[in-house]
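Here is what each chain is made of, one letter per residue.
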Amino acid sequence: MAKPADGSSGGLSYRAIVAMSLLAIQFGIQPIVTRQFTSRAIIRSTVVFMQEAVKLVIGVAGISLGKARWGDVAEGWTPMSWLRLALLPATIYLVQNMCSLLAYQNLDAITYNVLNQTKTLSAALCCYLIMRKKQSSLQMFSLFLLLAAALVMEGILPMDGRVFLPSYWTSIKSDDADRDATLSARHFSHGVLPIMAASFLSGLAGAITQKSLQAGNRNALLFTVELCAASLLLLLASFATSDDGRQIRERGFFSEWNALTFIPILTNSAGGILVGLVIKYAGTVRKGFALIFGILISGVVQSLLDEEKTLSREEVAGGVLAAVSLWMHATNPYVQRPTKTIGSSEPSAAATTTTTKAPSNGTSKVGRGRKSRKED
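Conventions used here
Residues numbered from 1 in each chain as written. Predicted model: local features only at pLDDT ≥ 70, side-chain atom pairs only at ≥ 80, totals over all residues. Heavy atoms only, no water. Helix = DSSP H or I, 4+ residues; strand = E, 2+ residues; numbered from the N terminus. Buried < 20%, exposed > 50% of the residue type's maximum accessible area, 1.4 Å probe, protein only. Areas by Shrake-Rupley, 256 points an atom, 1.4 Å probe, with all protein chains shown as cover. 1 Å grid on protein atoms, 1.4 Å probe; cavity = no way out; pocket = protein on both sides within 12 Å on 5 of 7 lines; lining within 4 Å. Points joined across faces, edges and corners; volume = space filled by probe spheres on them. Nonpolar A, V, L, I, M, F, W, Y, C, P; charged D, E, K, R; others polar. Expected span 1.5 Å × (residues − 1). Core = buried A, V, L, I, M, F, W, Y, C linked by side-chain atoms within 4.5 Å. Contact = heavy atoms within 4.5 Å. Axes fitted to C-alpha atoms, helices over the stretch in contact; angles between N-to-C directions. Parallel < 35°, antiparallel > 145°, perpendicular 65-115°, else oblique. Left-handed = near helix turned anticlockwise from the far one by under 90°.

1. Focus on the overall build of the protein chain
Here comes step 1: Assigned secondary structure in the protein chain consists of 17 helices and zero strands.
Here comes step 2: Across the 376 residues that make up the protein chain, the buried fraction comes to 43%.
Here comes step 3: For the protein chain, the computed accessible surface area is about 20,400 Å², with 62% contributed by carbon and sulfur atoms.

The following block contains the structure:
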């Protein structure tokens, strides 16, 4: 009987559902708390450095307080395995965090989350290139449906179907003052480009991480600690030559910091731990579904904080589409076609014929038996 190609493509376990739900909540509130409690003048590398340090502490505490002993968790660990498995994704995640923080500060929460959803498609592509994890036809359709859900939430895809009419695209006026402000040069260079780069890097690093966690059966918290240690070393090395390092020496590490700055750092660090758990138990592609639900949560939180903003029908419709796409992806995994092997228990037609026609004298070939009778 044919089985799904990999466990992460099938149904969702209880651990996967819990991790995805918590990640959706964290992802939904992260842009809001970052914009609220992080100064635009802050040195971005200091925030990223502190996020990695907090994640490392959380990971170490989680392993120490867990049921498994350190000796069991770190069995087979070597410095070379740490460099091989953690350094590359740590470098990618480091650049992604820098891009994400820059985009956080220049995009509103929903725009940020919508543009961030291209990571789901890049994750599927990178999983295929790195792990040969294939998606079924319905799963691929569900991924595009997930992207459509995000675009509906943003209002880019109107619900009345006008997007299919040529007049919809020709009616966009370039002299609209609000649109010009939205599409300003700074908005594009400091908001759109960084988040698109972060989305692709997230898919790439996610595929590498999934290979380590699932194929290598590595402990999720241990892998988080390894990633954080590598990221901190890379950041420390970058401080020697980067512009952020120069600013740290001139202004101090905690310039523009206050007690409330630690709020987005703590939520982001918790999100980093949750990402590792989601990738291990659900896969990096499924992580994208949790993040889409985070968009809906962003809309709910914004409507609660701002009386002028209410949850729109587009956000509700997008949430429904996201739920449908998650159901489709979970219930229609890719199934490998069964292949016949040489050692199959079912005899081939040729073997059956040969056995039936074999002569009683034990000769194995039919032709050979006829030749003997002819010589007689």
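2. Overview of the layout of surface pockets
Here comes step 1: Approximately 370 Å³ is the volume found for the second largest pocket.
Here comes step 2: Considering the residues around the second largest pocket, the lining is formed by 16 residues, among which Arg-15, Asn-219, Leu-221, Leu-277 and Tyr-281 are closest to the centre.
Here comes step 3: Of all elements in the fold, only α1 (14-37), α2 (44-65), α11 (220-238) and α13 (262-281) reach the threshold of two or more residues within the lining of the second largest pocket.
Here comes step 4: Counting residues per element, the lining of the second largest pocket draws most heavily on α13, at four residues.
Here comes step 5: Its residues assigned to classes, the lining of the second largest pocket shows ten nonpolar, three polar and three charged.

3. A few points about empty space enclosed by the protein
Here comes step 1: Evaluated as defined, the whole model comprises two cavities of 30 Å³ or more.
Here comes step 2: Put simply, the largest cavity is a space of about 600 Å³.
Here comes step 3: Around the largest cavity, the lining comprises 39 residues; the ones closest to its centre are Gln-96, Asn-97, Asn-268, Gly-272 and Val-275.
Here comes step 4: Breaking the lining of the largest cavity down by element, the ones donating at least two residues are α1, α2, α4 (79-104), α5 (109-116), α10 (185-215), α11, α13 and α14 (284-305).
Here comes step 5: When the residues that make up the lining of the largest cavity are grouped by side-chain class, the tally is 18 nonpolar, 17 polar and four charged.

4. A few points about α2
Here comes step 1: With 22 residues, α2 extends 32 Å from end C-alpha to end C-alpha; this agrees with the ideal 32 Å at 1.5 Å per step.
Here comes step 2: Within the sequence span of α2, burial applies to Ser-45, Thr-46, Val-47, Val-48, Phe-49, Met-50, Gln-51, Glu-52, Val-54, Lys-55, Gly-59 and Ile-63.

5. Considering the nonpolar core
Here comes step 1: Of all hydrophobic cores here, the largest spans 63 residues; its most connected members are Met-20, Leu-23 and Tyr-112.
Here comes step 2: With near-sequence residues (within four places) excluded, Tyr-112 lies in contact with Phe-27, Pro-31, Ser-100, Ala-103, Tyr-104, Leu-107 and Ile-195.

6. Observations regarding the environment of Ile-58
Here comes step 1: Among the secondary structure elements, Ile-58 is positioned in helix α2.
Here comes step 2: According to the relative accessible area criterion, Ile-58 is partly exposed, its value standing at 32%.
Here comes step 3: When the C-alpha atoms of Ile-58 and Ser-269 are compared, they prove to be 8.3 Å apart, with 211 residues separating the residues in sequence.
Here comes step 4: Ignoring sequence-local partners within four residues, the contact set of Ile-58 consists of Ser-269 and Ile-273.

7. A word on the packing of α1 against α13
Here comes step 1: Between α1 and α13, whose axes approach to 8 Å, the crossing angle comes to 155°. It follows that α1 is roughly antiparallel to α13 by the angle criterion. Note on packing geometry: the crossing formed by α1 with α13 is left-handed. Residue-level contacts link Arg-15, Ala-16, Ala-19, Met-20, Leu-22, Leu-23, Gln-26, Ile-29, Gln-30, Val-33, Thr-34 and Phe-37 of α1 to Ile-263, Pro-264, Thr-267, Asn-268, Gly-271, Leu-274, Val-275, Leu-277, Val-278 and Tyr-281 of α13.
Here comes step 2: In terms of residue class, the contact of α1 with α13 is made up of 15 nonpolar, six polar and one charged.

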